[in-house]
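Read off the chains here:
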Amino acid sequence: MHSAPIIEVMGLHLDLSIIFTLLLSGIITFIIARLAVRNLSVEKPSKMQNFLEWVVEFVQGIIGSAMPLKKGKAFISLGMTLILFIFVSNVLGLPFAIITEAHHPVSIFGHEIVATSQAAFDELAAKGKPEHVHLLWYKSPTADVSVTFGLAFMVFVIVNFLGLKNNRKHYLKHYVEPFPIFLPLNIVENLAKPIALGIRLYANIFAGEVLISTLIGAGVFGLPFLAAWQGFSIFIGALQAFIFTMLTMVYIAQASVHEEH
């Protein structure tokens, strides 16, 4: 079982692998967007420009299925950022894994990695297990529940802010529809949306990476299955990015655009 390289800073537990891959996902997404808009041409568009135009049209289709496109144009940038960033994050852990073995306490930036503390090694010794820890330094950031819940919470804030700002009367009224007695249920429904968003994305990506780790552990016999599953994982990563973006637009439409559900 692999342990996360977690350090404690001011009472906060920071997973270095997640911080690194989140930054990497952001950089890759920015590079893709930057390359796509470089040297724009109407007569001879580049392959990256054609790719960006396809993404724009695809996101417009997602938005158009949730709300009138005239009102949804303001959310095209949000939709493109979400679908690109989440897709990159979903497939980031597919190419390889970086795993190191620690036989003694390890410190990073002056902070000790929790899994390699002396107390952790003493606990392993007490259980009669080998006194070493495998640290996983590289994985898809969306395979961590804190990341997916962070994305879902961001969507939750945006949806409710837009509902109060752009459609306040309808937004507040829907909490007591069809009858005021439904107020608690409508509040629970609103709170359940980000939870469902975060769990759905996390569960699919995490399960895929667990299976990949199992196939890697099978050695040469697992290689054919590993290659097939990694190809399928790209499809799953794209599908989950699409679902997350689509549901985000649906929630925005329900809260800030539609006059009735």
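Predicted, not measured: the structure shown is a model, and the values here were computed from it. (Residues numbered from 1 in each chain as written. Predicted model: local features only at pLDDT ≥ 70, side-chain atom pairs only at ≥ 80, totals over all residues. Heavy atoms only, no water.)

Visitor: Mind showing me how you'd approach the overall build of the protein chain here?
Guide: A count of helices and strands for the protein chain gives nine helices and six strands. For the protein chain, the spread of C-alpha atoms along the principal axes amounts to about 65 × 60 × 40 Å. Out of the 261 residues in the protein chain, the part that is buried amounts to 38%. At a minimum sequence separation of 6, the contacts of the protein chain that also span at least 24 residues come to 72%. Accessible area for the protein chain stands at about 15200 Å²; split by element, carbon and sulfur atoms hold 70% of it. (Helix = DSSP H or I, 4+ residues; strand = E, 2+ residues; numbered from the N terminus. Buried < 20%, exposed > 50% of the residue type's maximum accessible area, 1.4 Å probe, protein only. Contact = heavy atoms within 4.5 Å. Areas by Shrake-Rupley, 256 points an atom, 1.4 Å probe, with all protein chains shown as cover.)

Visitor: I'm lost on the UniProt feature "transmembrane region" (unreviewed entry) in the protein chain in this one. Help?
Guide: The UniProt feature table records "transmembrane region" (unreviewed entry) at residues 16–37, 75–99, 145–164, 201–226 and 232–253. As annotated, residues 16–37 comprises 100% helix and 0% strand, and the C-alpha atoms at either end are separated by 32 Å. With 100% helix and 0% strand, the stretch residues 232–253 has end C-alpha atoms that lie 32 Å from each other. (UniProt positions renumbered as here; feature names shortened; annotations may be inferred.)

Visitor: Help me understand the environment of Leu16 in this model?
Guide: Looking at the secondary structure, you find Leu16 in helix H1 (residues 16–37). By relative accessible area, Leu16 is classed as buried at 15%. On a C-alpha basis, the gap between Leu16 and Gly110 in space is 13 Å, while along the polypeptide they are 94 residues apart. Leave out the neighbours within four places in its chain, and Leu16 touches Pro5, Ile7, Ile108 and Trp137.

Visitor: Would you mind showing me how to read a nonpolar patch on the surface here?
Guide: A contiguous nonpolar surface patch, about 570 Å² in accessible area, is contributed by Ile19, Leu23, Ile27, Phe30, Ile31 and Leu35. Note that Leu35 resides in helix H1. Relative accessible area serves as the criterion here: at 34%, Leu35 is assigned to the partly exposed category. (Patch = residues over 30% accessible without salt bridge, like charges linked within 9 Å, V, L, I, M, F, W, Y side chains within 5 Å. Salt bridge = Lys/Arg side-chain N within 4 Å of Asp/Glu carboxyl O.)

Visitor: When you look at helix H6 (residues 145–166) in this model, what are you seeing that I'm missing?
Guide: Spacing of three or four residues puts side chains on the same side of an α-helix, whose turn is 3.6 residues. Between its terminal C-alpha atoms H6 stretches 31 Å, which fits the 32 Å expected from 22 residues at 1.5 Å a residue. Among the residues of H6, those classed as buried are Val147, Thr148, Leu151, Ala152, Val155, Val159, Asn160, Leu162 and Gly163. Buried positions along H6 lie against H1, helix H4 (76–91), helix H7 (168–173), helix H8 (183–217) and helix H9 (223–257). (Expected span 1.5 Å × (residues − 1).)

Visitor: What should I look at first to understand the nonpolar core in this one?
Guide: Among soluble globular proteins, nonpolar side chains are generally buried collectively. Within the largest apolar cluster, 39 residues are counted, with the highest numbers of intra-cluster contacts made by Met67, Phe244 and Met249. Among the secondary structure elements, those contributing two or more residues to this core are H1, helix H2 (47–66), H4, H6, H8 and H9. The leading source of residues in this core is H9, at ten residues. Residues Ile7, Leu16, Phe121 and Leu124 belong to the second largest nonpolar core, which totals eight residues. (Core = buried A, V, L, I, M, F, W, Y, C linked by side-chain atoms within 4.5 Å.)

Visitor: What is the right way to read unusual backbone geometry from this model?
Guide: Negative phi is the rule for most residues except glycine; trans is the rule for most peptide bonds. With an omega dihedral of 0 degrees, the bond running from Glu177 to Pro178 counts as a cis peptide bond. Assignment of secondary structure puts Pro178 in the loop between H7 and H8. Non-glycine residue Met10 carries a positive phi angle of around 55 degrees. Mapped onto the elements of the fold, Met10 is located in the loop between strand S1 (6–9) and strand S2 (12–15). Residue classification places Met10 among the exposed positions, given a relative accessible area of 83%.

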